[in-house]
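These are the residues of each chain, in order.
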Amino acid sequence: MNLILNTDATSLSPIALFLQADWIVKIVMAGLLLASVWTWAIIIGFLLRLGKIRKGIKRFERDFWKAEDIDAFYRTESESKLPTARVFAAGVKEWRRSTVGGTIDRGGTRERLATAMGAAAAAEVDELSDGLNVLATVGSVAPFVGLFGTVWGIMHSFTEIAAKQNSSLAAVGPGIAEALFATAIGLFAAIPAVIAYNRFSHGINKIEARLNRFADGFHATLSRQLEADGKR
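We now examine the overall build of the chain. Within the chain, the regular secondary structure consists of eight helices and zero strands. Listing the helices and strands of the chain from first to last along the sequence gives α-α-α-α-α-α-α-α. In the chain, which comprises 232 residues, the proportion classed as buried is 40%. Considering only contacts within the chain whose residues lie at least 6 apart along the sequence, 75% involve residues at least 24 apart.

Right under this line is the structure:
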């Protein structure tokens, strides 16, 4: 704690390194710290959201395959915000629109069902992916922003060397340390963002695959129903 609160630049205290830095480097550091806070807010939000969605999808699929009356199940789950519920609702709505009337185009109905549920699944994946672009941007840009702060800080240290005509390590060391601290903050912001982006992308891909499997299974159920209705 004393190291953190120490304002002596030679102690490598983060606060001291920030306070003693050039104003441009301070702006870079502050921006990177804000990006890090934003990144962690997104990470925590995604963790909670994906965990809730995975549990909800598992529960929904279990109840769906146990249901004996699809219409009754639809009335119960039609207002659900779960991705699988929305894919299911898209299939039911298209089924009702396509089977109204005396003559049913079975081939066209199958194609429209697949299209409707596929579009609903894609829309859900797009909604789930919202925010990942921020993680990708921070992960790719933050190190270079930190490097810019470092380069600027080192240039500032060299100008001070020329002005003071003193090139001893004791004179220039603190300035260089302050400059390098900007790169450290950039990496501090970028590393969690990259790791989280990869993990969340993998999680969303698994949810997308699960949505597509559910849509295929529901499509097969409705196709069997079309065949059964055609034989009556």
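The tally for this structure, following the rule as stated, stands at 15 aromatic pairs. Summarising the aromatic geometry, the rings of Phe 64 and Phe 73 are spaced 5.7 Å apart at their centres and angled 65 degrees between planes, so their arrangement reads as edge-to-face. As far as burial versus exposure is concerned, Phe 64 and Phe 73 are alike and both buried. Between Phe 64 and Phe 88, the aromatic rings sit 5.4 Å apart at their centres with planes inclined by 70 degrees, giving edge-to-face as the arrangement. Taken together, the positions of Phe 64 in helix α3 (residues 23-66) and Phe 88 in helix α5 (residues 83-98) put the pair 24 residues apart, joining distant regions of the chain. The pair formed by Phe 64 and Phe 88 is uniform in burial state, with each residue classed as buried.

Attention now moves to the pattern of salt bridges. All told, the structure shown has 10 salt bridges when counted by the stated rule. Here Glu 77 and Arg 59 are joined by a salt bridge, their closest N and O atoms 3.0 Å apart. Remark: Arg 59 occurs in helix α3 and Glu 77 occurs in helix α4 (residues 70-77); sequence separation between them is 18 residues. The exposure class of Arg 59 is partly exposed, given its relative accessible area of 27%. In this structure, the salt-bridge partner of Arg 86 is Glu 124, at a minimum N-O distance of 3.3 Å. With Arg 86 in helix α5 and Glu 124 in helix α6 (residues 106-128), the pair connects residues that are 38 residues apart, well separated along the chain.

Taken residue by residue, the chain gives an average pLDDT of 83. The fraction at 70 or more is 82%. Taken together, the stretch residues 1-10 has pLDDT below 50 and engages in 22 contacts with residues farther than four places along the chain or on a different chain.

Turning next to the side chain of His 219. On the secondary structure map, His 219 appears in helix α8 (residues 169-230). On the basis of relative accessibility, which here comes to 18%, the residue His 219 falls in the buried class. In this structure the side chain of His 219 is engaged in a polar contact, spanning 2.9 Å, whose partner is the backbone oxygen of Arg 110. For His 219, the contacting residues outside a window of four places in its chain are Arg 110, Leu 113, Ala 114 and Met 117.

Right, let's get into the nonpolar core. Grouped together as the largest cluster of nonpolar side chains are 50 residues, with contacts concentrated most on Phe 60, Val 87, Phe 88, Leu 135 and Phe 200. Those elements giving two or more residues to this core turn out to be α3, α4, α5, α6, α7 (132-164) and α8. For this core, the leading source of residues is α8, giving 16 residues. When residues no more than four places from it in sequence are discounted, the contact partners of Leu 135 are Thr 39, Ile 42, Ile 43, Ala 193, Ala 196, Tyr 197 and Phe 200.

Calculation criteria
Residues numbered from 1 in each chain as written. Predicted model: local features only at pLDDT ≥ 70, side-chain atom pairs only at ≥ 80, totals over all residues. Heavy atoms only, no water. Helix = DSSP H or I, 4+ residues; strand = E, 2+ residues; numbered from the N terminus. Buried < 20%, exposed > 50% of the residue type's maximum accessible area, 1.4 Å probe, protein only. Contact = heavy atoms within 4.5 Å. Phe/Tyr/Trp six-rings, centres within 6.5 Å; stacked < 30°, edge-to-face > 60°. Salt bridge = Lys/Arg side-chain N within 4 Å of Asp/Glu carboxyl O. pLDDT = per-residue confidence, 0-100. Polar contact = N/O pair within 3.5 Å; in protein donor to acceptor, adjacent residues only side chain to side chain. Core = buried A, V, L, I, M, F, W, Y, C linked by side-chain atoms within 4.5 Å.

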